[in-house]
Amino acid sequence: MRGRSWVLAVCLAAAGFGSVRAEDERPRPLPGARAAAAAPTGGATEGPLDYDPWQRVNRKVFTFNDKLDQWVLEPVAKGWDYVAPKPIERSIGNFFSNLRFPVNLMNNLLQGKAVDGAKTVGRFTVNTLLGVGGFLDPASDLGLGPKEEDFGQTLGVWGVPSGPYLVLPVLGPSTVRDAPGLAVDSAASITPFFIDAWILAGAQVVDVINTRARFLEAVTEAKEASLDYYAFVRSAYLQRRQALIEDRTEPLPERTPTYEDSELYTVP
Amino acid sequence: MRIPSSIPCRDRAAGRLAVACALLLCAAATDAAAQQSPRDVVQATSDQVLAVLAQKDLSREDRRERVKSIVLANTDFDTLCRLVLARNWDRFTPEQQAEFKREFESHLAATYGRRLDQYRDEKLAIVGDRKEANGDWTVQSRIMRGGGSDDFVVDYRLRQTNGAWKVIDVIPEQVSLVANFRSQFQEILSNGGPERLLQVLREKTAKGEEFKGE
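Residues numbered from 1 in each chain as written. Chains lettered and ligands numbered in written order. Predicted model: local features only at pLDDT ≥ 70, side-chain atom pairs only at ≥ 80, totals over all residues. Heavy atoms only, no water.

1. Focus on the overall build of chain B
In step 1: Of the regular secondary structure elements, chain B holds 6 helices and 4 strands.
In step 2: For chain B, the succession of helices and strands along the chain, N to C, is α-α-α-α-α-β-β-β-β-α.
In step 3: In chain B, buried positions account for 45% of the 214 residues.
In step 4: The long-range fraction of contacts in chain B, counting pairs at least 24 apart against all pairs at least 6 apart in sequence, stands at 46%.
In step 5: When the accessible surface of chain B is totalled, it reaches about 11,200 Å², and 55% of it is carbon and sulfur. (Helix = DSSP H or I, 4+ residues; strand = E, 2+ residues; numbered from the N terminus. Buried < 20%, exposed > 50% of the residue type's maximum accessible area, 1.4 Å probe, protein only. Contact = heavy atoms within 4.5 Å. Areas by Shrake-Rupley, 256 points an atom, 1.4 Å probe, with all protein chains shown as cover.)

2. Digging into the pattern of salt bridges
Residue and element names in this part refer to chain A.
In step 1: For the structure shown, the criterion picks out 32 salt bridges over all chains.
In step 2: Between Asp 137 and Arg 123 there is a salt bridge, and its shortest N-O distance comes to 3.1 Å. One end of the pair, Asp 137, is in the loop between helix H6 (114-129) and helix H7 (138-141); the other, Arg 123, is in helix H6, and 14 residues separate them in sequence. Exposure class is identical for Asp 137 and Arg 123. Each is buried.
In step 3: With a shortest N-O distance of 2.8 Å, Arg 241 and Asp 150 are connected by a salt bridge. Here Arg 241 is found in helix H12 (residues 229-245), whereas its partner Asp 150 is found in the loop between H7 and helix H8 (151-157), with 91 residues between them in sequence. Each member of the pair, Arg 241 as well as Asp 150, carries the same accessibility label: buried. (Salt bridge = Lys/Arg side-chain N within 4 Å of Asp/Glu carboxyl O.)

3. A look at the packing of helix H2 (residues 38-54) of chain B against helix H3 (residues 60-73) of chain B
Residues and elements named next belong to chain B.
In step 1: Axis separation between H2 and H3 bottoms out at 10 Å; the angle between their running directions is 175°. In terms of their interaxial angle, H2 and H3 are classed as roughly antiparallel. On H3, the residues that touch Thr 45, Gln 48, Val 49, Val 52 and Leu 53 of H2 are Arg 63, Arg 66, Val 67, Ile 70 and Val 71.
In step 2: Counted by class, the contact of H2 with H3 contains 6 nonpolar, 2 polar and 2 charged residues. (Axes fitted to C-alpha atoms, helices over the stretch in contact; angles between N-to-C directions. Parallel < 35°, antiparallel > 145°, perpendicular 65-115°, else oblique. Nonpolar A, V, L, I, M, F, W, Y, C, P; charged D, E, K, R; others polar.)

4. Considering the sheet that holds strand S3 (residues 152-161) of chain B
All names here are of chain B.
In step 1: One open sheet holds the 4 strands; their spatial order is S1-S2-S3-S4, and the pairing between them is antiparallel. Since the sheet does not close on itself, it has two edges, and those belong to strand S1 (123-131) and strand S4 (164-172), each with one partner. This sheet shows a mean twist of 30° between the axes of neighbouring strands, independent of strand direction.
In step 2: Judged from the 8 bridges that link them, S1 and strand S2 (residues 137-144) form a sheet pairing that is antiparallel. Looking at S2, one finds that Asp 129 is bridged to Val 139.
In step 3: Sheet contacts for H2: S1, S2, S3 and S4; angle to S1, the most-contacted strand, approximately 165°. (Pairing = 2+ DSSP bridges.)

5. Side note on the confidence of the model for chain B
Residue and element names in this part refer to chain B.
In step 1: Residue-level pLDDT values for chain B average 84, and 79% of them are 70 or greater.
In step 2: Within chain B, helix H4 (residues 77-85) carries the highest mean pLDDT (95), whereas helix H1 (residues 7-35) carries the lowest (55).
In step 3: In the predicted structure, residues 1-10 sits below a pLDDT of 50 and forms 1 contact with residues beyond four places in sequence or in another chain.
In step 4: Here the prediction assigns the complex a pTM of 0.80, and the interface score ipTM is 0.79. (pLDDT = per-residue confidence, 0-100.)

6. What to know about H12(A)
All names here are of chain A.
In step 1: Along its 17 residues, H12 runs 24 Å from first to last C-alpha, staying within 8% of the 24 Å computed at 1.5 Å per residue.
In step 2: When you tally the buried positions in H12, you get 17 out of 17 residues, the bulk of the element.
In step 3: The first or second residue beyond H12 is Asp 247, which carries a positive phi of 55°. (Expected span 1.5 Å × (residues − 1).)

7. Considerations on the nonpolar core
Residues and elements named next belong to chain B.
In step 1: By size, the foremost hydrophobic cluster in this structure holds 27 residues, and its most contacted members are Val 84, Leu 85, Phe 100, Phe 104, Phe 181, Phe 185 and Leu 197.
In step 2: Elements that contribute at least two residues to this core include exactly H4, helix H5 (94-116), S4 and helix H6 (177-213).
In step 3: In terms of residue count, H6 provides more of this core than any other element does, 11 residues in total.
In step 4: The residues contacting Phe 100, other than those within four sequence positions of it, are Cys 81, Val 84, Leu 85, Phe 92, Phe 185, Leu 197, Leu 198 and Leu 201. (Core = buried A, V, L, I, M, F, W, Y, C linked by side-chain atoms within 4.5 Å.)

8. Some thoughts on helix H3 (residues 55-83) of chain A
Residues and elements named next belong to chain A.
In step 1: With 29 residues, H3 extends 39 Å between its outermost C-alpha atoms, agreeing within 8% with the 42 Å of an ideal straight helix rising 1.5 Å per residue.
In step 2: The sharpest bend along H3 measures roughly 45° and falls at Asp 69.
In step 3: Restricting attention to buried positions, one finds in H3 the residues Gln 55, Asn 58, Val 61, Phe 62, Asn 65, Asp 66, Asp 69, Leu 73, Glu 74 and Ala 77. (Bend = angle between axes of the 7 residues up to and from the residue.)

Structure below.
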């Protein structure tokens, strides 16, 4: 849960319900924004333009999601935020993040990250046993921070390009590569068979509302800061996903300097 | 209290001394600025801004103005604007370019100014820096918001102009502000050209003013 920035928040919020689901808490699937996007548009000095050939439809879906958020999710989240202290919200977020363990493990292994996979196991064990079933996050203090990966990222690491940007109804920003990734991750989530389906559904609703509550300010700020909110979210989502695929979210000194984007920083 | 008889005289002398000292300090400061590393620049900017925010008796307007001038002094805003408009920069007449800079600055000042009002003792720690392939420098900071999972990372990209390192991009959680605005503006420009973009900026700022009044 650490990458929980306003940017990610915006992606989530703009996405409406879905993007705020448990599994989306952090890294969701990711589109190779820059590399893949730059190629099809081909503008040499244009910089990393976002590849969005289906913009007309995407904008409509985006507007729909945003209305859904404004009319349903945001008001409910505001109510929850009003009664719930911040630490409670954070703990609930921790809890659902912890449950994402199988997905993280699978994707770390599929990407050949054995060490991160092992850390994922360690983190889950520590937070479940010492962190009161995952509500607290003592693992981070022990150097076992989250190593969150999803199948969209795995495909990206394997070299699958992001393809066109795609706004899914309810679920929000995605790409042609990331959207199927959601399904794979969802199938990989272990659903305890002994727990009633209604309880699981209820838990998911709690997770969505709680997550949205944590992003209330961020979303408002993003709407104020942007002149084209659709393009803002698209750019944020694609950039963020690309960074996650390249693991640029690691601290700077440990990063390989691959993300040099000379186009972006060349003065015309 | 003992009152010296020659106040005016002494004052004048003291005044001259003060001026001389101030000049010396200025010279020293300029010299130091020339040698400040990118990391120093980010640290100093952050320190100055936090010092302003710590003054709880400042009016909202005062606080915004001070922070704005500190940030602008450490930003190469001209370069930032060119990067944001990229190839479209040449589609703007010099007058439009100048107006774009003014309007974009107002927009950023209004947006981020409002955010200052919500400042809740966040702290900034510099966690790394590195030279980029084209000679720019990236400085990475972590914004502390009290809890491990609520902290986040912000990178600053700096470029050296006239000997001084200035910020040309802000990159929270690996999302570049320059790239983001470039994408937004590209949409607007491709539909309506420079005039349309300027109009959108003006309208947004006007709306922000209303908002500020509440």
